[in-house]
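Structural features, examined
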Amino acid sequence: GKETKVYMGKNLTLGELTAKPGEKVSGWLHIADSGLEIPVSLICGMQDGPTVLVTGGIHNAEYVGIQAAIELREELKPSQMRGKVILFPLVNRTGFEHRTMSMVYEDGKNINREFPGDPSGTLTEQICHTFVDKVFPQVDYYIDLHCGDGYEELYPHVYTLGAASPKVNQASDAMARAVNVKFRYPSQNPSGGSYNQAGSMGVPGILLERGGRSVWSREEVEADKEDICNVLRHLHVLEGEPEYYDTVQRKLSDGYFLIAGHTGIWYPCHHAGDRIKKGELLGVIKDYMGNIVEEYYAEASGILLIQTVSLNVLKGGAVLFYCELKEQENSF
């Protein structure tokens with residue numbers, strides 16, 4: 001029969017770590033001169049192929065993505081891969097160790113608001129610059145794992161690139177169709193966030209949202225892992241036929257973001273994933289004396305995607321986000 005030529009992969013090096021074809025190596029990435037090290041694994045397939053970056057814990061209280069990345073570090077086998085995976089299970093390590101929700105402990109900044117960073121800036125800015133300088137130039141695709149924050153619940157969805165080049169945006173959307181969620185949103189941010197910044201550098205990527213409330217479940221972690229592996233099949237890093245899903249694309253501007261006009265006590269009426277009807281009460285904010293200071297009513301019928309579930313809300317902070325459903329979409 002006809003001979004099949006096998007192209008051997010090349011070494012994967014990041015910082016002081018190197019993985020040869022067929023190897024999995026775990027260690028630490030040094031963040032500039034800060035003294036901070038964050039855990040990373042290099043998984044190098046036997047055959048040539050694309051390099052895929054997977055990050056968890058950019059927001060350190062978003063545990064589903066962190067745990068999914070930890071488990072994938074053990075489960076991905078170089079002998080069954082072509083190409084390479086760079087896997088960061090926990091980017092905001094100091095925030096995780098101090099339970100700071102989304103913020104880096106040392107400077108109180110949000111990593112996903114500070115790209116492209118600054119090599120001589122605060123720790124958050126140095127983390128961002130390290131990824132821009134050392135990591136993004138090595139990768140071909142990017143999967144960023146997120147959840148609702150510790151005070152949020154959400155209905156699973158995926159963000160794609162909408163402000164990069166047409167070719168990168170198209171590749172990002174194709175990746176998102178391999179994710180088993182109902183909604184996808186093209187982001188119009190050219191940078192600031194991790195996958196947005198990578199997209200501006202020519203790297204197609206997606207941001208997957210699943211879970212919240214600073215908890216994780218076996219079901220959610222397995223769903224994240226299956227989505228990641230399905231995207232890796234789509235990218236031909238893993239063998240097998242990928243499955244594609246009929247997700248509904250929405251523009252963020254088409255949804256309804258409700259912002260708190262007062263700091264106070266928040267009482268929601270629904271949960272993420274609930275269907276809501278136009279004119280229905282969505283929740284109220286009360287002051288510390290029990291007086292209602294703000295009421296929120298649905299401007300359209302739709303589905304509640306993200307919601308604050310903590311008792312407190314802060315003036316200027318997001319309360320909830322919902323999107324309108326068309327008649328043919330009511331089966332969701």
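As a starting point, this report considers the structure included with it. Small disclaimer: the values here were computed from a predicted structure and weren't measured.

Scoring rules and cut-offs
- Residues numbered from 1 in each chain as written.
- Predicted model: local features only at pLDDT ≥ 70, side-chain atom pairs only at ≥ 80, totals over all residues.
- Heavy atoms only, no water.
- Core = buried A, V, L, I, M, F, W, Y, C linked by side-chain atoms within 4.5 Å.
- Buried < 20%, exposed > 50% of the residue type's maximum accessible area, 1.4 Å probe, protein only.
- Helix = DSSP H or I, 4+ residues; strand = E, 2+ residues; numbered from the N terminus.
- Contact = heavy atoms within 4.5 Å.
- Pairing = 2+ DSSP bridges.
- Right-handed = clockwise from strand over helix to strand, strands pointing away.

A few words now on the nonpolar core. Formed by 48 residues in total, the largest nonpolar core has its most connected members in Ile-86, Phe-88, Ile-127, Phe-131, Phe-136, Phe-183 and Leu-305. The dominant element in this core, judged by the number of residues it contributes, is helix α3 (residues 123-135), at 6 residues. With near-sequence residues (within four places) excluded, Ile-86 lies in contact with Leu-12, Leu-14, Val-40, Ser-41, Leu-42, Thr-51, Val-52, Leu-53, Val-54 and Val-139. Within the second largest apolar cluster, 26 residues are counted, among which are Ile-43, Ala-69, Val-181 and Val-231.

Relative to the elements of secondary structure, Tyr-256 occurs in strand β13 (residues 256-259). Through-space distance from the C-alpha of Tyr-256 to that of Val-139 is 35 Å; in sequence the pair is 117 residues apart.

Of note, Pro-186 is situated in strand β10 (residues 183-187). Residue Pro-186 is classed as buried on the basis of its relative accessible area of 13%. When the C-alpha atoms of Pro-186 and Ile-306 are compared, they prove to be 17 Å apart, with 120 residues separating the residues in sequence.

This brings us to the pairing of strand β5 (residues 47-55). Two strands pair when backbone bridges link them, and β5 and strand β6 (residues 82-88) are joined in this way by 6 bridges, in the parallel orientation. Opposite Thr-55, over in β6, you have Phe-88 as the bridge partner. In this fold, the crossover linking β5 to β6 by way of helix α1 (residues 63-75) has right-handed handedness. Note that β5 and strand β7 (residues 141-146) share 4 bridges and pair parallel. Bridge pairing in β7 links Leu-53 to Tyr-142.

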